[in-house]
Amino acid sequence: MKLNPVYLLAPKPKPRSIPSRRAFLIAGGTFLAGVGLGGACGYAAGARGSADVDDELKPTGDANLDRLRWLAVGATIEELIENRLGFLNVLTTAYPKDKTAWRGIDRLAQAAIQGTQIPNRKTFAQYLSQVIERGDPSVAQTCQRHTEALRRIR
């Protein structure tokens, strides 16, 4: 019996594309640069827009006025629409000359004109145009531009 020798070859080693430590440092550095740049830009953009709102929402000592101002300026349009009748009632009876609260009327008028889902939109638009026309001219003048468009809603 004759034995033939068998030669086994070792597999070729795979070349490493990037050393793992170098890849980790590059990925970590990129992540930290993105976080730093994104955080700085986000803060700068948000700080400018929220400064005006924060000034208008400073506590006045009157809880009803604070709530009214929050609905007018700080709340989402959906929350303002949900509380629209109470908002208008309190505004016209208790705080008819508050400029910050009148920004809520401007937001409501724009929403009604743009076709936002408001229950009884036509009736509400007519009522809102009357509130604007009967409001004190010193605060209602900013909303006067909406009255004709509100009256045309069908």
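From a predicted model like this one, the values you see are computed outputs, not experimental measurements.

Engineer: Is there a simple way to think about the overall build of the chain in this case?
Structural biologist: Looking only at helices and strands, the chain has eight helices and zero strands in total. The secondary structure elements of the chain, listed N-terminal to C-terminal, are α-α-α-α-α-α-α-α. What you see for the chain is a C-alpha radius of gyration of 32 Å, clearly larger than the 15 Å of a compact globule of 154 residues, by over 25%. Across its three principal axes, the chain shows a C-alpha extent of roughly 115 × 35 × 25 Å. For the chain, buried positions account for 27% of its 154 residues.

Engineer: How do you make sense of helix 4 (residues 84–94) when you look at a structure like this?
Structural biologist: Listing the buried residues of helix 4 in full gives Arg84, Phe87, Leu88 and Leu91. The buried residues of helix 4 occupy one face: seen down the axis, they fall within an arc of 95°. Looking at helix 4, the residues exposed on the side facing more than 90 degrees away from the buried face are Leu85 and Thr93. Tucked into the core, helix 4 has its buried residues touching helix 2 (63–74), helix 3 (77–82), helix 5 (99–114) and helix 6 (121–134).

Engineer: Would you mind showing me how to read the packing of helix 2 against helix 4 here?
Structural biologist: A pair of packed helices can be characterised by two numbers: the angle between their axes and the separation between those axes. Interaxial distance between helix 2 and helix 4 falls to 11 Å at its minimum, and their mutual angle equals 125°. Taken together, the axes of helix 2 and helix 4 lie oblique to each other. Here helix 2 and helix 4 pass one another in a crossing that is left-handed. In contact with Leu68, Leu71 and Ala72 of helix 2, helix 4 contributes Phe87, Val90 and Leu91. When its residues are assigned to classes, the contact of helix 2 with helix 4 shows six nonpolar, no polar and no charged.

Engineer: Where do I start with the packing of aromatic side chains in this structure?
Structural biologist: Ring pairs (aromatic) are described by centroid distance and by the angle formed between their planes. All chains considered together, the criterion is met by zero aromatic pairs. Cation over ring: Arg84 sits above Phe124, and NZ or CZ is 5.6 Å from the ring centre.

Engineer: Where do I start with the environment of Gly115 in this structure?
Structural biologist: Topologically, Gly115 is positioned in the loop between helix 5 and helix 6. In this structure the C-alpha to C-alpha distance between Gly115 and Ile153, which are 38 residues apart in sequence, comes to 9.0 Å.

Engineer: It is not clear to me how the nonpolar core should be interpreted in this structure. Could you clarify?
Structural biologist: If you look at soluble globular proteins, the nonpolar side chains tend to sit buried side by side. One finds Phe87, Leu88, Trp102, Ile105, Leu108, Leu128 and Leu150 to be the most contacted residues of the largest nonpolar core, which totals 30 residues. Put simply, the parts of the chain that give this core at least two residues each are helix 2, helix 3, helix 4, helix 5, helix 6 and helix 7 (137–140). If one sorts the elements of this core by residue count, helix 5 sits on top with seven residues. Non-local contacts of Leu108, meaning those with residues more than four positions away in its chain, are made with Leu80, Ile81, Arg84, Phe87, Leu88, Phe124 and Leu128.

Engineer: Quick question: what am I supposed to make of helix 5 here?
Structural biologist: Spacing of three or four residues puts side chains on the same side of an α-helix, whose turn is 3.6 residues. Taking 1.5 Å of rise per residue, 16 residues should cover 22 Å, and helix 5 covers 23 Å from first to last C-alpha, within 8% of that figure. Thr100, Ala101, Trp102, Gly104, Ile105, Asp106, Leu108, Ala109, Ala111 and Ala112 are the residues of helix 5 that are buried. Phi for Gly115, located one or two positions after helix 5, is positive at around 90°.

Calculation criteria
Residues numbered from 1 in each chain as written. Predicted model: local features only at pLDDT ≥ 70, side-chain atom pairs only at ≥ 80, totals over all residues. Heavy atoms only, no water. Helix = DSSP H or I, 4+ residues; strand = E, 2+ residues; numbered from the N terminus. Rg over C-alpha atoms; globule rule 2.2 N^0.38 Å. Buried < 20%, exposed > 50% of the residue type's maximum accessible area, 1.4 Å probe, protein only. Arc of directions from axis to C-beta. Contact = heavy atoms within 4.5 Å. Axes fitted to C-alpha atoms, helices over the stretch in contact; angles between N-to-C directions. Parallel < 35°, antiparallel > 145°, perpendicular 65-115°, else oblique. Left-handed = near helix turned anticlockwise from the far one by under 90°. Nonpolar A, V, L, I, M, F, W, Y, C, P; charged D, E, K, R; others polar. Phe/Tyr/Trp six-rings, centres within 6.5 Å; stacked < 30°, edge-to-face > 60°. Lys NZ or Arg CZ within 6 Å of the ring centre and 35° of its normal. Core = buried A, V, L, I, M, F, W, Y, C linked by side-chain atoms within 4.5 Å. Expected span 1.5 Å × (residues − 1).

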